[in-house]
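So the chains spell out like this:
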Amino acid sequence: MFQRRARRTAAVASSKPPPAAAAASAAAGKVPARPPTPSQQARVLRLRPLATSESVFIRLAATLAALTALHVAGIFLFSSGFLLSRIELDEFSQCTVPEPEVNATTGSSQHAAPLLSFVPESRAFAGQDLESSSFGSGDGCWYPARFRRAVVIIIDALRFDFTTYDHELAARVSDPSDPTQVPYYLNKLPVFDELIRSQPANSLLLRARADPPTTTLQRLKAITTGTLPTFVDAGSNFGGSTVVEDSLLRQLHNASRRIEFAGDDTWMSLFEPYLAVAHPYPSFNVQDLHTVDDGCVRHLFPTLRRQEKDWDLLVAHFLGVDHVGHSFGPSTLPMTRKLNQVDAWLNQTFSLLDDDTVAVVLGDHGMDPKGDHGGDSDLEVSAALFFYAKRGLRWVAPKPERHLSDSDAESTAALTRLLADLDAAAAGDDVDPFVPLKGFRTVPQIDLVPSLALLLGLPIPFGNLGSIIPELFFTASTSEPPAASIDAGARRIPPTIRALDSLLLAARLNARQIRSYLVEYSRSRSSADFGLDALLEGYDEAEAAAADARDVVGRFLRGSVGAKEAEDALRSSYLLSARFCRRALASARRIWARFDVPLIVMGVIVLALSVVASISAVAIAWAARRSTAGQPDVPGGPFEMAVFLASAVAGALAAFITGVVGPIVQVVLQLIGAAASDSVLSPLHECVFLASTA
């Protein structure tokens, strides 16, 4: 009570004017003004901010809008360069004749079919005309099937250099098992080298370039659909994680063909509706080096030994190599032991194949020196791709001790020139680093999709962007005629021309499918900047060259021109079709599979500026309040403080985001101009990806 009375007395005393002021007012004949009552003072304090509330609101709203714009711009720039995205189309290829299209250059309607089928003198060599009703009734849909079944073995993280064999190194060292003389991962899979040396016509080893992000689920999407999956796949059907795009598995399922699977349980979330038999095993425990692999072996070999071949595709996804890399790294003894196991399993698998089965062994991605993956360094995107079939797989030069006939020599030389021209064209267009590595060609990993589809007589999946592997289709078997059916008046067709004709058919089918996809995607997302007009001009040029090649082949069969002119025309037409496919892939990569480092850096800079601006705004506001404390004409109510607190919260959020992504961008900047041996991305991508699919 005494305290309240003292405070009241002090308030009244403070409200009275000083004695000197009162005396001066009295001397001047003035009556001193009555001091305002407490209620009047409160009313003034309430009304004074209202007089300036409009200007205060405008000033604060502008400040908040500017800060918010900085935050949004920074996050947008960073996400545009970092979170790659595209939409999934639910269109799918059908086992019917592709619709004829009017060629923009020639104005004529062209069907994709062997050129020899259009020449009257070569009706016996037509192979299968795509317009004929018999084509597709057992021999294949778009292309004659060369194999009835396929075994696909995925060795997770099988880096390309794991599969090569260094003979010079093996000859120099005294003890190949000594890790001080031979790296733990080198020369540990001799099965590939043995098959290439002993059966070159039955085997093919390639260096496959995997597009980032090099995480397992995205790579599985890529090697089954032929597309370029990204971290943000905006699907047209958001009902689940099952792949809605056209894929090899969907094409097999549509053709009522049976698929059996064992291994990494990631397949179940993607393709479960298509798997007739599935034996999944958990994949998240990277410390477990053997459970998944043992499960694959337990089901793979009994299936291959079954007398009744009631399956059409057998998939086994081994995880041991990947788990060893994550747990110990590639340069360790556990990697040596695991690769030795894999070598024995592959030897047994190849021995159990029949003549109607083609085997494919591949890594979904590589690994960096630490055993991790996810980015786009050379070691992470460098994976192995190996084909093997007991029946002839490709055309190769005979061994030196065998007699080399003129036709074999010409065909071998033609294929060598063709591959050299193909790589030169790709290098000239700056499309991809198609450089031979240790004598092996480099191809995009998604080239597996159209190649395997046509080998099995399936339509190429609708969204595929890969190109056929020419070594697998440069063969005379597609249009090989019976000797008795050769017309007496027609010239005998050299094997090189038949092989080029077969290759050109596959390439034109591939190009037509890619063209259809690009056109449909551009309709679905008009903002996709493929440079479609220029690409379509390239497609029309390739089709015009095919029409010219048809005329040249016809004149050759009539004896008007030589075989060299016919070969050159076929080769030029193929190269144009292959060039169109490669350019389409390059255009798609610019949109979906390239981390835009400038945008990432700009985003981080803008986020940092937004943090500085937010802190500055809050500091200025507090400084203004302290300097004007006690002055009733300075606004400083709860509304103003709430706005500045909101700005502070936004700044803190930007600071948090910058702190998370900063180390990633730092790694990116360090890798510019340096040897790409470390990951561009941190394990954050893998964590985000796994969390999104949990």
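## A short note on helix α16 (residues 448–455)
- With eight of eight residues buried, α16 lies mostly within the body of the structure.
- Each element contacted by the buried residues of α16 is listed here: β4 (149–155), α8 (216–225), α9 (248–254), β10 (357–362), β11 (382–389) and α17 (495–524).
- Backbone geometry just after α16 places Gly 457 at a positive phi near 75 degrees.

## Points about the nonpolar core
- Membership of the largest hydrophobic core comes to 78 residues, with the highest contact counts inside it found for Leu 385, Phe 387, Leu 452, Phe 473, Phe 474 and Tyr 574.
- In contact with Phe 473, other than residues within four places in its own chain, are Tyr 143, Ser 451, Leu 454, Leu 455, Ile 468, Ala 499, Ser 502, Leu 503 and Ala 506.
- Counting 46 residues, the second-largest nonpolar core is a separate cluster that includes Val 151, Ile 153, Cys 296 and Leu 300.

## Remarks on the sheet that holds strand β5 (residues 203–209)
- Overall, mixed pairing links the eight strands, which are arranged β8-β7-β9-β4-β10-β11-β5-β12 in an open sheet. Single-partner strands in this sheet number two, and they are β8 (277–281) and β12 (442–444). Taken pair by pair, the neighbouring strands of this sheet meet at an average axis angle of 20 degrees, ignoring direction.
- Here helix α7 (residues 190–198) sits on the sheet in contact with β5, β10 and β11, set at roughly 45 degrees to β11.
- Where helix α11 (residues 291–305) meets the sheet, it contacts β4, β7 (259–264), β8 and β9 (313–318), and its direction lies at approximately 160 degrees from that of β9.

## Remarks on the environment of His 323
- If you trace the backbone, His 323 turns up in helix α12 (residues 320–327).
- On the accessibility criterion, His 323 (2% relative accessible area) is buried.
- As for His 323 and Asp 372, which are separated by 49 residues in sequence, their C-alpha atoms are 9.6 Å apart.
- Dropping the residues within four chain positions of it, His 323 is found in contact with Ser 283, Asn 285, Val 286, Asp 288 and Leu 289.
- In terms of polar contacts, His 323 uses its side chain to reach the backbone carbonyl oxygen of Asp 288, at 2.7 Å.

## Quick look at helix α18 (residues 532–557)
- The end-to-end C-alpha distance of α18, which contains 26 residues, comes to 38 Å, matching closely the 38 Å that a straight helix rising 1.5 Å per residue would cover.
- Just downstream of α18, Gly 559 is the residue with a positive phi angle, here 90 degrees.

## Quick notes on the confidence of the model for the protein chain
- Residue-level pLDDT values for the protein chain average 75, and 64% of them are 70 or greater.
- Note on residues 669–694: pLDDT is under 50 here. Beyond four places in sequence and across chains, it has 41 contacts.

## Quick word on the pairing of β5
- In terms of burial, β5 is largely enclosed, as seven of its seven residues are buried.
- Here β5 shows no split at all, with Ser 203, Leu 205, Arg 207 and Arg 209 on one side and Leu 204, Leu 206 and Ala 208 on the other all buried.
- One ladder, built from seven bridges, connects β5 with β11; its direction is antiparallel. Paired with Leu 205 across the two strands is Phe 386, which belongs to β11.
- Pairing between β5 and β12: three bridges, direction parallel. Residue pairing across strands places Arg 207 opposite Thr 442, the latter belonging to β12.

Definitions and limits used
- Residues numbered from 1 in each chain as written.
- Predicted model: local features only at pLDDT ≥ 70, side-chain atom pairs only at ≥ 80, totals over all residues.
- Heavy atoms only, no water.
- Buried < 20%, exposed > 50% of the residue type's maximum accessible area, 1.4 Å probe, protein only.
- Helix = DSSP H or I, 4+ residues; strand = E, 2+ residues; numbered from the N terminus.
- Contact = heavy atoms within 4.5 Å.
- Core = buried A, V, L, I, M, F, W, Y, C linked by side-chain atoms within 4.5 Å.
- Pairing = 2+ DSSP bridges.
- Axes fitted to C-alpha atoms, helices over the stretch in contact; angles between N-to-C directions.
- Polar contact = N/O pair within 3.5 Å; in protein donor to acceptor, adjacent residues only side chain to side chain.
- Expected span 1.5 Å × (residues − 1).
- pLDDT = per-residue confidence, 0-100.

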